[in-house]
Amino acid sequence: MISLKSKLVNATLAATFAIPLVSAGIFTSAGSAQAVSLNGSIGLDGTSIVPNDGINPLKTSIKFVDVDGVDTDGDFTAFSPNLNPGAGITINTLNLTKIANLSGTTATYSTGVYTPFINFGSRTLGSTTALLSFDLDDSVVTRIRKSGTDINDVILDGITGKFNFNGKTIATGNLGASLSGKTSTYHLTLNAVSVPEPTTMLGLGLVGAGMVMSRRRKSVIQ
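This is a predicted model, so every value here is computed, not measured.

What about the overall build of the protein chain?
A tally of regular secondary structure across the protein chain gives two helices and twelve strands. Along the protein chain, from the amino end to the carboxyl end, the secondary structure elements read α-β-β-β-β-β-β-β-β-β-β-β-β-α. Residues counted as buried form 36% of the 222 residues belonging to the protein chain. Put simply, of all contacts in the protein chain between residues at least 6 apart along the chain, 66% involve residues at least 24 apart. Carbon and sulfur atoms make up 59% of the accessible area of the protein chain, which totals about 11600 Å².

Following this line, the structure appears as structure tokens:
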């Protein structure tokens with residue numbers, strides 16, 4: 001009797017364990033067929049305007065006049081049509097709001113949320129062609145007024161955002177740059193790291209559930 005009960009329990013647990021594994025395979029395969037990833041970096045060069053609006057103003061801005069050059073790495077190199085020299089790429093003006101004074105000539109500013117901040121236009125990733133943008137999180141930048149001059153330096157560091165493609169977030173990114181002077185050349189560098197597809201996460205969750213059931217089955221057998 002005990003032997004029959006153990007066999008029934010083991011058979012039930014085995015069937016329960018098998019279902020998540022099969023489901024995980026289905027979801028992972030379906031997600032993989034349509035998955036779009038983005039890893040790598042892209043550098044943008046052009047002309048920027050940092051206005052001469054005094055020392056530590058309450059509000060200021062950074063205007064990106066154009067995109068003259070593009071440098072790519074990783075998945076960005078596969079973009080179609082060709083990115084150079086910045087074809088179809090536009091960068092919105094950053095309107096900054098002061099957070100705090102760090103010194104008599106230095107202050108921190110909030111960027112606010114920008115959707116999008118950078119518009120890459122229609123791009124092709126894998127077999128999908130759709131609009132790609134980099135949407136900026138609310139981040140902090142530092143603005144420094146050079147002593148005895150009318151030149152303001154702005155440091156963009158630790159800025160984060162998301163790459164959205166075909167209406168979905170496919171990667172997180174960070175942006176770094178430095179700008180100086182009233183009208184000068186800027187260089188923005190963005191680094192992208194892919195985020196998992198929801199179906200892949202579901203598959204991993206089902207596999208995890210299967211592993212838990214496996215442990216319980218071993219415990220019952222013992």
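Section: the pattern of salt bridges
Within the structure shown, the criterion is met by two salt bridges. Two residues, K162 and D137, come together in a salt bridge whose shortest N-O distance is 3.1 Å. With a gap of 25 residues between them, K162 in strand β10 (residues 152-165) and D137 in the loop between β8 (128-136) and β9 (140-145) connect regions that are remote in the sequence. Residue K162 is classed as partly exposed on the basis of its relative accessible area of 35%.

Re the side chain of R123
Residue placement: R123 occurs in strand β7 (residues 114-125). For the buried R123, which has no salt bridge, the nearest side chain bearing the opposite charge is D135, at an N-O separation of 14 Å. From its side chain, R123 meets the backbone oxygen of F120 in a polar contact 2.6 Å long.

Quick look at unusual backbone geometry
In this model, S80 is joined to P81 through a cis peptide bond whose omega is 0 degrees. Inspection of the secondary structure puts P81 in the loop between β3 (69-74) and β4 (90-91). Cis geometry marks the peptide bond from N84 to P85, where omega comes out at -10 degrees. Structurally, P85 can be placed in the loop between β3 and β4. For N56, which is not glycine, the phi torsion reads 45 degrees and is therefore positive. Looking at where N56 falls in the secondary structure, it is placed in the loop between β1 (40-49) and β2 (59-64). A positive phi is found at N166, a non-glycine position, where the angle reads about 60 degrees. Mapping N166 onto the fold places it in the loop between β10 and β11 (168-180).

A closer look at the packing of aromatic side chains
The relative placement of two aromatic rings is captured by the distance of their centres and the angle of their planes. Following the criterion strictly, the structure yields seven aromatic pairs and no others. Aromatic pair F64 and F117: ring centres 5.9 Å apart, planes at 75 degrees, arrangement edge-to-face. Residue F64 is found in strand β2, and its partner F117 is found in strand β7; the two are separated by 53 residues along the sequence.

Concerning the side chain of S110
With respect to the secondary-structure elements, S110 resides in strand β6 (residues 106-110). Within polar-contact distance, the side chain of S110 engages the backbone nitrogen of G112 at 3.3 Å. Of the polar contacts made by the side chain of S110, one reaches the side chain of D138; its length is 2.6 Å. Setting aside anything within four residues of it in sequence, one finds S110 in contact with N95, L96, T97, I99, D138 and S139.

Some details on the pairing of β7
When β4 meets β7, the two strands line up antiparallel, connected through two bridges. Paired with I91 across the strands is I118, a residue of β7. In this structure, the hairpin formed by β7 and β8 is closed by a connection of two residues, where G126 is found at a positive phi of approximately 65 degrees.

As for the environment of V193
Tracing the backbone shows V193 in strand β12 (residues 183-194). For V193 and K162, which are 31 residues apart along the polypeptide, the C-alpha to C-alpha distance reads 9.5 Å. Residues contacting V193, with those up to four places away along its chain left out, are L38, N39, A171 and T172.

Definitions and limits used
Residues numbered from 1 in each chain as written. Predicted model: local features only at pLDDT ≥ 70, side-chain atom pairs only at ≥ 80, totals over all residues. Heavy atoms only, no water. Helix = DSSP H or I, 4+ residues; strand = E, 2+ residues; numbered from the N terminus. Buried < 20%, exposed > 50% of the residue type's maximum accessible area, 1.4 Å probe, protein only. Contact = heavy atoms within 4.5 Å. Areas by Shrake-Rupley, 256 points an atom, 1.4 Å probe, with all protein chains shown as cover. Salt bridge = Lys/Arg side-chain N within 4 Å of Asp/Glu carboxyl O. Lys, Arg positive; Asp, Glu negative; His and termini not counted. Polar contact = N/O pair within 3.5 Å; in protein donor to acceptor, adjacent residues only side chain to side chain. Phe/Tyr/Trp six-rings, centres within 6.5 Å; stacked < 30°, edge-to-face > 60°. Pairing = 2+ DSSP bridges.

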